[in-house]
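A look at the structure
This is what each chain is made of:
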Amino acid sequence: PEDTVTSSFARFIAAARPQLLSQTVRQRSKRMILDSLGVGLVGSTTRVFDIALRYCRELYSSVAVSSVYGKPGVKLSPTLAAFTNGVATHSMDFDDTWHPATHPSGAVLPALLAASQMLPPNTKPNGLDFLLAFNVGLEVQGRLMHFSTEAHDIPKRFHPPSVVGTLGSAAATAKLLSLSCAQCCHALGIAASLAGAPMANAATQAKPLHVGNAARLGLEAALLAARGMEANPLILDDIPGCSGFSAFYSLYQPQPLPAPGQHHQFLLEKQDVAFKRFPAHLGMHWVVDAALSVRNLLINYAGSFSPSLIRSILLKIPVSKYINRPFPSSEHQARHSFQFNACAALLDGEVGLGSFSESSIQRQELRELLGKVVVEHPEDNVANFDKMYGEVALLLHTGDVLTGKCDTFYGHWRKPLSKESLLKKFRSNASHVLPEEKIEAIITLVDNLETLSDSSQL
């Protein structure tokens, strides 16, 4: 049927044209691409990335045509390159975050990079085609998340990139490969059968696999659809008694995606993303900024920061079980701990790459601070990236109380990173694996992506 939600998504994917991309959407998506490349490059230095890369190189033999982040001369098959680069992107939880909650770029960009290298020389997509496909992947993710009120809050069941990211990757790749409307429909259906990962694996080495698999499996879904595989043409519709995409979200109320007419407005136009200043779960950015604020108050109060002055530390945070970790014992747990990030910020005056090393996590002075933390969950502090806040109060032995609060951290879509801050982050991340001239070349390529004749150069 032509009047279904699923068919409307398929029509949109097939019919979208570059002219629909406003200047705002182009600039925002290029910022996302550059940031995602940077976190993928620094992510290629992590142990979980090494495990994923070794797995791909040892267990699979294939035509190796697609590049791997941070590994000059190493190439894998397109699907495995998408997987490995997706793992790198999320290996430090340093990648962008949208609202409703997901990591949009990491699921899409690795698939498009791998696919663009896979295509024959005379069919390479240009930079504008690449940018359009990227935004189609974002649009599908955003639209799907808006179909359920459950998706607006910090997730409890499924990790969103493993769900909407897989379909976004499929949609983006289908667009880049110029699949027909029917093939786009089947790509979404196939991707739905490959989607989903439980939140219980957050704060473990398995979590980056969620983004790696989203990139890889979405690409595979599009390739299978291109080769004639079919799936349920109603996968996005709400069919009573037979769950399709509604299996992942309760209160699922899908709406058709309007055809991309002359005045179509992409969701990225209305809703920017958040870029992280340090490699941890997005929720940590509220408590870190609050902790830095109250740290300055203590320095002004006492002349220096002295942990011995603190009797207890009160954190007022939203209820979210998987990021409420009083005594994290690994880097991945630390990246998902309100308590750790608040105490690291208090102790060091910053949170950065080095904050999550084993030696930093196990410091005696940090463990002592963690022992002073008390958590409260105010009713008005909801687990929602658009509404939550972080508050850190220091109760001193003198009886005085110093309080820092953050409603919107620097990097949030309401308080976006400046161009200078974003470039500083990219240069810092990329410098771990690339020389300066290559770093500057990437910045120039992304900045002029619309004029690039062959997107595989990226």
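Numbering of residues starts from 1 in every chain and runs along the sequence as written. The model is predicted, so local features are restricted to residues of pLDDT at least 70 and side-chain atom pairs to those at 80 or more, both for listing and for counting; the totals for chains, interfaces and linings are taken over all residues. Heavy atoms throughout the structure, all of them, feed into the side-chain values; hydrogens and water do not.

Note the following rule: UniProt positions are given in the numbering used here, feature names are shortened, and annotations may be inferred rather than shown by experiment.
The name given to the chain in an unreviewed UniProt entry is Cis-aconitate decarboxylase, with the source organism recorded as Cisticola juncidis. Turning to the chain, the UniProt annotation filed under Catalytic activity (unreviewed entry) states: "cis-aconitate + H(+) = itaconate + CO2". Under the Subcellular location (unreviewed entry) heading, UniProt states for the chain: "Mitochondrion".

1. A look at the nonpolar core
Note the following rule: We call a set of buried Ala, Val, Leu, Ile, Met, Phe, Trp, Tyr and Cys residues a nonpolar core when their side-chain atoms join them within 4.5 Å. Relative accessibility under 20% of the residue-type maximum defines a buried residue, over 50% an exposed one, and the middle range a partly exposed one, all with a 1.4 Å probe and only protein chains included. Under the DSSP-based scheme used, a helix requires at least four consecutive residues in state H or I and a strand at least two consecutive residues in state E, with every element numbered from the N terminus. Only heavy atoms matter for contacts: two residues are in contact if any of them lie within 4.5 Å across the pair.
Of all hydrophobic cores here, the largest spans 98 residues; its most connected members are Leu144, Leu167, Leu236 and Phe245. Sorting elements by how many residues they give to this core places helix 6 (residues 127–145) first, with 10 residues. Contacts of Leu167, omitting those with residues within four sequence positions, involve Val140, Leu144, Leu188, Ala191, Ala192, Ala195, Leu236 and Phe245. By size, the runner-up hydrophobic cluster in this structure holds 49 residues, among which are Ile317, Leu347, Ile361 and Ala383.

2. Thoughts on the packing of helix 8 (residues 181–193) against helix 9 (residues 207–226)
Applicable threshold: Each axis is a line fitted through C-alpha atoms, taken for helices only over the stretch in contact, and angles between the N-to-C directions span 0 to 180 degrees. When describing relative orientation, an angle under 35 degrees is termed roughly parallel and one over 145 degrees roughly antiparallel, while 65 to 115 degrees is termed roughly perpendicular and anything else oblique. Handedness of each helix crossing follows the sense of rotation of the near helix against the far helix: counterclockwise by less than a right angle gives left-handed, clockwise gives right-handed. The nonpolar class holds Ala, Val, Leu, Ile, Met, Phe, Trp, Tyr, Cys and Pro. Asp, Glu, Lys and Arg form the charged class, and all remaining residues, Gly among them, are polar.
At a minimum axis distance of 8 Å, the contact between helix 8 and helix 9 shows a crossing angle of 135°. With respect to each other, helix 8 and helix 9 are oriented oblique. The two elements helix 8 and helix 9 meet at a crossing, and its hand is right-handed. For the pair helix 8 and helix 9, the contacting residues are Gln183, His186, Ala187, Ile190 and Ala191 in the first and Ala221, Ala222, Leu224, Ala225 and Ala226 in the second. Looking at the contact of helix 8 with helix 9, its residues break down into eight nonpolar, two polar and no charged.

3. Quick notes on the packing of aromatic side chains
Selection criterion: For Phe, Tyr and Trp, rings pair up if their centres lie within 6.5 Å, where Trp contributes its six-membered ring, and each pair is then called stacked (planes under 30 degrees apart), edge-to-face (over 60) or tilted (otherwise). Criterion for a charge above a ring: Lys NZ or Arg CZ within 6 Å of the ring centre, and within 35 degrees of the ring normal.
Summed over the entire model, instances satisfying the criterion amount to 10 aromatic pairs. With a centroid separation of 6.0 Å and 70° between ring planes, the pair formed by Phe12 and Phe266 is classed as edge-to-face. Residue Phe12 is located in helix 1 (residues 5–15), and its partner Phe266 is located in the loop between helix 9 and helix 10 (267–270); the two are separated by 254 residues in the primary sequence. Overall, the relative accessible area of 0% leaves Phe12 in the buried class. In this structure Phe266 comes out as buried when scored by relative accessible area, which is 1%. Look at Phe147 and Tyr252: their rings are 5.9 Å apart centre to centre, the planes differ by 80°, and that puts the pair in the edge-to-face class. Of this pair, Phe147 sits in the loop between helix 6 and helix 7 (160–176) while Tyr252 sits in the loop between helix 9 and helix 10, and the two are 105 residues apart along the sequence. In this structure, Phe147 and Tyr252 share a single accessibility class: buried. Site record: aromatic cluster; members linked through ring pairs are Phe9, Phe147, Phe158, Phe245, Phe248, Tyr249 and Tyr252. Just above the ring of Phe305 sits the side chain of Arg295; from NZ or CZ to the centre is 5.0 Å. Just above the ring of Tyr389 sits the side chain of Lys405; from NZ or CZ to the centre is 4.2 Å.

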